[in-house]
Structures are given as C-alpha cells and as structure tokens.
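Close look at the chain arrangement
The residues making up each chain are set out below.
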Amino acid sequence: QKEVEQNSGPLSVPEGAIASLNCTYSDRGSQSFFWYRQYSGKSPELIMFIYSNGDKEDGRFTAQLNKASQYVSLLIRDSQPSDSATYLCAVRRYGGSQGNLIFGKGTKLSVKP
Amino acid sequence: DGGITQSPKYLFRKEGQNVTLSCEQNLNHDAMYWYRQDPGQGLRLIYYSQIVNDFQKGDIAEGYSVSREKKESFPLTVTSAQKNPTAFYLCASSTKQGTEQYFGPGTRLTVT
C-alpha cells in the first residue's frame with residue numbers, strides 16, 4: 001500500500017467553481033499534513049498545512065483533515081485559471097526523524113475559463 | 001530577501017562525471033533537505049541534515065553525497081555511481097522545530 005495516495009487527474013473544473021482535491025495516507029500515526037502547489041517546470045510552493053481534525057481556511061483555500069478516515073483534502077473556492085497546477089499532498093512520517101515528509105504524486109488541476 | 005537559492009538552474013553533464021549542485025538559504029533554518037523529482041512522480045528524499053556537520057541518508061541516497069559545513073549551505077554531489085541521474089533536483093529547508101518545508105527553485109540535471 002502506497003503511503004500517500006492522490007488521484008493523478010487531471011481534474012478539470014470551470015472558472016468560479018469549487019475544486020476538491022483529495023489525499024489518503026496509510027500511517028495512522030501521522031500528525032502533520034501539507035498541501036503544495038507546483039506549476040509546470042517550477043518548484044513546489046507551500047499553500048496550506050493542518051495538524052488538527054477539522055477545517056482550516058486561508059482565503060480561497062480550505063484544508064480538511066479526518067484522521068479517523070485517514071484522508072486530507074484541499075478545497076479551492078472560486079477557482080481561477082491561475083490555480084491550474086499540480087497539487088502535492090505531503091504527510092509527516094510518524095516516529096521518523098523530525099521534519100521528514102512523504103509526498104504523494106500529485107493531482108493535476110485544470111481550471112477552464 | 002529571505003529565501004533558498006539553487007544553482008545552476010540547468011546543468012548538462014556527460015555520463016561518468018561527478019557534478020555538484022548548490023543550495024544556499026538565508027532563512028536561518030537548521031534543517032535542509034534534498035529531493036529528486038522524476039516526471040509523474042512524487043518527491044523522493046535523497047539526504048537531509050538537521051544540524052551543521054551532521055546529515056542522514058533518505059530513501060534514495062545511493063550514488064549521492066552531501067556535506068553540511070555551514071548552516072546556510074547544503075551542496076549535493078551526484079556521482080557517477082548514480083544509475084539514472086537525469087532529474088529535477090529540489091533543495092528545501094525548515095526550522096528545526098517546525099515541519100513546514102520551503103523549496104528552492106530547483107536544478108534540472110541532464111546526463112547524456
């Protein structure tokens with residue numbers, strides 16, 4: 001079983017819609033969860049992190065964490081063409097060396113004007 | 001400006017040559033990391049360092065070496081022993097206590 005799984009997409013949404021990106025993880029003891037945005041040919045950019053069950057909102061972005069079901073999601077409201085990118089989910093290893101993350105392969109999002 | 005710099009942006013080498021990728025940060029972060037990204041793949045951890053003069057192997061350390069002589073610098077050497085060195089190499093850093101990692105712009109290495 002892969003440690004961090006994401007649907008590779010592409011996920012296509014119309015401009016102004018809500019984009020929903022999902023990520024599941026296998027290590028039940030995982031504590032910290034991160035979402036990175038990566039434009040084509042560029043490096044990943046941290047956009048959200050969440051440590052507690054529930055929702056965390058930052059502007060148009062909402063991260064949702066459900067530890068019991070072992071999934072974390074990212075919602076993007078009022079999607080814009082500039083949101084078109086690959087979104088990487090990362091999970092901090094439980095019990096591992098401090099700060100080490102495991103990355104999913106990413107979901108490619110396409111926002112159509 | 002605070003940030004992470006990597007150089008060069010693009011690097012071309014012949015097979016059998018060692019090559020060193022530079023990574024510098026002025027964020028005063030204690031921890032630094034090297035990842036490799038292949039097309040359609042997630043990031044894979046090569047080496048990491050939590051403190052100066054100390055570093056540990058990640059998941060795919062074979063064929064790579066690092067040093068951490070200064071807090072600000074964490075260079076990666078891709079040796080001739082690395083079987084498939086062509087990839088996008090990403091350096092990241094984080095505070096010792098926190099886990100949010102911030103990435104440099106990356107170096108795209110092509111070996112022919």
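We now turn to the structure provided with this report. (Residues numbered from 1 in each chain as written. Chains lettered and ligands numbered in written order. Predicted model: local features only at pLDDT ≥ 70, side-chain atom pairs only at ≥ 80, totals over all residues. Heavy atoms only, no water.)

**Here we look at the layout of surface pockets**
Any space left empty among the atoms is revealed by the rolling of a water-sized probe across them. Our working definition: Grid points spaced at 1 Å and placed over the protein atoms alone form the basis of the search, with a cavity being a set where a 1.4 Å probe fits but cannot get out and a pocket an open set showing protein on both sides within 12 Å along at least five of seven lines. Lining residues have an atom within 4 Å of a point. Grid points are joined across faces, edges and corners, and a volume is the space filled by probe spheres set on the points. A run of H or I in DSSP becomes a helix once it reaches four residues, and a run of E becomes a strand once it reaches two; helices and strands are each numbered from the N terminus. The residue classification treats Ala, Val, Leu, Ile, Met, Phe, Trp, Tyr, Cys and Pro as nonpolar and Asp, Glu, Lys and Arg as charged. All others, Gly included, are polar.
As a volume, the largest pocket reaches approximately 480 Å³. Within the residue set of the lining of the largest pocket, elements represented by two or more residues are strand E9 (85–92) and strand E11 (107–112) of chain A together with strand E9 (87–94) of chain B. By residue class, the composition of the lining of the largest pocket is seven nonpolar, 12 polar and five charged. Approximately 330 Å³ is the volume attributed to the second largest pocket. Looking at the second largest pocket, it is lined by 18 residues, and the ones nearest its centre are Val4(A), Ile102(A), Phe103(A), Gly104(A) and Lys105(A). Residue assignment for the lining of the second largest pocket shows that the elements contributing at least two residues are strand E1 (4–6) and strand E10 (101–103) of chain A together with strand E5 (43–51) of chain B.

**Overview of the interface of chain A and chain B**
For clarity, the cut-off: The contact rule is simple, with two residues in contact once any of their heavy atoms fall within 4.5 Å. Using a 1.4 Å probe, buried area is obtained as the accessible area two parts lose upon being combined, added over both of them. The rule for a salt bridge is simple: a side-chain nitrogen of Lys or Arg has to be within 4 Å of a carboxyl oxygen of Asp or Glu.
In this assembly, 22 residues from chain A lie in contact with 25 residues from chain B. The contact between chain A and chain B buries some 1,800 Å² in all, and 48% of this surface belongs to carbon and sulfur atoms. Seen at the junction of chain A and chain B, the total is zero salt bridges. Taken together, the elements giving at least two residues each to the side of chain A that touches chain B come down to strand E4 (33–38), strand E5 (45–50), E9 and E10 of chain A. With three residues, E4(A) is the largest single contributor of residues to the side of chain A that touches chain B.

**A look at empty space enclosed by the protein**
Residues and elements named next belong to chain A. A full pass over the atoms with the stated rule returns one cavity of 30 Å³ or more. Volume-wise, the largest cavity comes out at about 40 Å³. For the largest cavity, the full set of lining residues is Glu3, Val4, Tyr25, Ser26, Asp27, Ser30, Val91, Arg92, Arg93 and Ile102.

**Points about the packing of aromatic side chains**
The condition is simple: Pairs were defined over the aromatic rings of Phe, Tyr and Trp, the Trp ring being its six-membered one, requiring ring centres within 6.5 Å. Orientation was assigned from the angle between planes: stacked under 30 degrees, edge-to-face over 60, tilted for the rest. Burial status follows relative accessibility: with a 1.4 Å probe on protein chains alone, a residue under 20% of its type maximum counts as buried, one over 50% as exposed, and anything between as partly exposed. For a Lys NZ or an Arg CZ to count as sitting over a ring, it must be within 6 Å of the ring centre and within 35 degrees of the ring normal.
Under the counting rule described, the total for this entry stands at 12 aromatic pairs over all chains. Look at Tyr35(B) and Phe103(B): their rings are 5.6 Å apart centre to centre, the planes differ by 45°, and that puts the pair in the tilted class. Taken together, the residues Tyr35(B) in strand E4 (residues 31–37) and Phe103(B) in strand E10 (residues 102–103) connect sequence positions 68 residues apart. With a relative accessible area of 12%, Phe103(B) lands in the buried category. Here the aromatic residues Tyr36(A), Phe103(A), Tyr33(B), Tyr35(B) and Phe103(B) are joined through ring pairs into a cluster of three or more. Geometry around Phe49(A) places Lys56(A) over its ring, the cationic atom sitting 3.7 Å from the centre. Lying across the ring of Phe61(A), Arg60(A) places its NZ or CZ 5.6 Å from the centre.

**Quick look at the sheet that holds strand E8 (residues 71–76) of chain A**
Paired through backbone hydrogen bonds, the strands of a sheet run either parallel or antiparallel to each other. Residue and element names in this part refer to chain A. Worth spelling out the cut-off: Strand pairing is assigned whenever DSSP detects at least two bridges linking the two strands. Axes here mean lines fitted to C-alpha atoms, for a helix over just the part in contact, with angles spanning 0 to 180 degrees between N-to-C directions.
The strand order across the open sheet formed by five strands is E1-E3-E8-E7-E6, and the pairing between neighbours is antiparallel. Each edge of the open sheet is held by one strand with a lone partner, namely E1 and strand E6 (54–58). Pairs of neighbouring strands in the sheet enclose a mean axial angle of 20°, with direction left out of account. Of the pairings in the sheet, the one linking E1 to strand E3 (residues 19–25) comprises three bridges and is antiparallel in character. In the strand pairing of E3, glutamine 6 is matched with cysteine 23.

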